[in-house]
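Listed below, chain by chain, are the residues.
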Amino acid sequence: MSEQYIAQVRTTAVVLAGGTGQRVGLSIPKQLLKIAGKAVIEHTLSIFQQAESIDDVIVLMAPGYVSDVEKIVAKAGLTKVVKVIEGGSTRNETTERAIAALGEGLADGEDRNVLFHDAVRPLLSQRVIKDCVDALDRYQAVDVAIPSADTIIVTRTHGEDGAFITDVPDRSRLRRGQTPQAFKLSTIRRAYEIASGDPNFQATDDCSVVLKYLPDVPIYVVAGDEYNMKVTQPVDVFIADKLFQLASTAVPQPAGEAGYQELLTGKTVVVFGGSYGIGADIASLAESFGAKVYALGRSTTGTHVENPEHVDDALSKAYAETGRIDYVVNTAGVLRIGKLAETDTATIQEALNVNYLAPVQIARASYKYLAETKGQLLLYTSSSYTRGRAEYSLYSSTKAAMVNLTQALSDEWAADGVRVNCVNPERTATPMRTKAFGAEPEGSLLSSEAVARTSLDVLLSEMTGHVIDVRQQDPTRGASEASGFEQALASVLDRQIDVS
């Protein structure tokens, strides 16, 4: 097969969403359950929407719920979804309906790549998708699997006496199957055609159909991910939600000098906490690329973010002078260290006012301006948000609130085109940190300029509802090699001791 022909083969993701949710204890299909603010199936479809190697998506939904998915697709702007049809009563029947839908409109001899994926695996990585599609250049069938960390036993039940071990297979040869499972359409269609002649045919996955009925077709195995879990049991809902909470989005690609100039010229940026540190650097960068910037701070403009009137006045002035507000950034914060029982009321009130109530007031006041320009609100959290620590109770808890505020507002404002994101810098060299911790070893901290540059990339991106980690580059591994979930899991231990 020539490379030219391979390049022309379309690749379709088929999202299998026929489950009913009974094992999770729900009255609705589990794929409609909300995790991290979105339906499970929306998370899954968004992954394929972002995948460069996927041309279009078909959804096979549980009977009676097709319209629910169509509404999700329309609201989220999932343009790659071309069909939502009812699935069958069994996995086999659902796959057969998908194969029939995939064959519609194909010319004689025309083939396509197809990836079958469980809708309730919302943590699929782009790496696995790419590996599956690439493997279809050489193979007709591809599975995804991970090694088994558990010893697998074979049992036999003896009546009321219960189950007894009959064999313990060699664990080194065992793998736990995941999805997607990828095929040439002609291959999986042929396997099901042969299987239809078997009166005892039943299967819970599609690779087993190829293995049994097309034994001469090799099935290549792509390495999966441990976190590509299937939401099946009640505990899975909790675990998946926590993984989304911990997961950080990869830093968006920089626009480049010319790109920054093009995207920022004529735009209005309002920066609260713009007197020094990250806020001042964001203001300086944005201004250098042609934006009209209002850098506001207690020590420079007398703007107190905890005062709603100051916030309203700053925004109304920027709007009156430029006729628009495209981006609102809040980097203002206070870091007070000490045991809560020994902290006075004034210090507690200050932390709540500046670190929590001020961002809430800024968000509320900014909304009408950002809705007009379909702009973005950018907030900041800390690596301490995932786990509160002794003597940082006020700081950690208010920074955790910024993550929840980001996620909630991104949902509330999505229909109006307003984006909300949250930057999570690693320990950064700022005046606030120096005041709290004193001088620290050179090279141990991020520069505020680096965080500001990443913040600008986030502002100019289309993402919303994300927490973006900014970390010092690991010299042994490029940032692009790790998915958001890998970055999150790798940094959990770091966050147990890191305070930024």
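None of these values were measured; they are calculated from a predicted model.

Cut-offs and rules
Residues numbered from 1 in each chain as written. Predicted model: local features only at pLDDT ≥ 70, side-chain atom pairs only at ≥ 80, totals over all residues. Heavy atoms only, no water. Pairing = 2+ DSSP bridges. Helix = DSSP H or I, 4+ residues; strand = E, 2+ residues; numbered from the N terminus. Axes fitted to C-alpha atoms, helices over the stretch in contact; angles between N-to-C directions. Contact = heavy atoms within 4.5 Å. Patch = residues over 30% accessible without salt bridge, like charges linked within 9 Å, V, L, I, M, F, W, Y side chains within 5 Å. Areas by Shrake-Rupley, 256 points an atom, 1.4 Å probe, with all protein chains shown as cover. Salt bridge = Lys/Arg side-chain N within 4 Å of Asp/Glu carboxyl O. Buried < 20%, exposed > 50% of the residue type's maximum accessible area, 1.4 Å probe, protein only. Phe/Tyr/Trp six-rings, centres within 6.5 Å; stacked < 30°, edge-to-face > 60°. Lys NZ or Arg CZ within 6 Å of the ring centre and 35° of its normal. Disulfide = S-S within 2.5 Å.

**Thoughts on the sheet that holds strand β6 (residues 113-118)**
Item 1. Spatial strand order, β5-β4-β1-β6-β10-β7-β11: seven strands in an open sheet with mixed pairing. What marks the edges here is a single partner per strand, and that holds for β5 (81-86) and β11 (219-223). Geometrically, the sheet is characterised by an average inter-axis angle of 25 degrees between neighbouring strands, direction not taken into account.
Item 2. Two strands pair when backbone bridges link them, and strand β1 (residues 11-17) and β6 are joined in this way by six bridges, in the parallel orientation.

**Concerning the sheet that holds strand β13 (residues 292-296)**
Item 1. The six strands are arranged β13-β12-β14-β15-β16-β19 in an open sheet whose pairing can be described as parallel. Across the chains shown, the open sheet's two edge strands, defined by having one partner strand only, are β13 and β19 (467-470). If you compare each strand with its neighbour and ignore which way they point, the axes differ by 20 degrees on average.
Item 2. Along the sheet, helix α15 (residues 448-459) contacts β14 (327-330), β15 (376-380), β16 (419-425) and β19; its crossing angle with β15, the most-contacted strand, is approximately 145 degrees.

**What to know about a nonpolar patch on the surface**
Item 1. Together, Ile-153, Ile-165 and Val-168 give the surface a local cluster of nonpolar side chains, amounting to about 270 Å² of exposed area.
Item 2. In this structure, Val-168 sits in the loop between β9 (163-167) and β10 (175-184).

**A look at the pairing of β6**
Item 1. Extensive coverage of β6 is indicated by the burial of six of its six residues.
Item 2. The pairing of β6 with β10 spans four bridges and is antiparallel. By the bridge assignment for β10, Phe-116 is matched with Gln-181.

**Let's talk about the packing of aromatic side chains**
Item 1. Evaluated as defined, the whole model comprises seven aromatic pairs.
Item 2. Over the face of the ring belonging to Tyr-294 we find Lys-292, whose NZ or CZ atom lies 5.4 Å from the ring centre.

**Examining the state of the cysteines**
Item 1. Under the criterion given, the structure shown has zero disulfides.
Item 2. Not part of a disulfide, Cys-207 finds its nearest cysteine sulfur in Cys-132, a span of 9.2 Å.

Read these as geometric descriptors, not functional statements.
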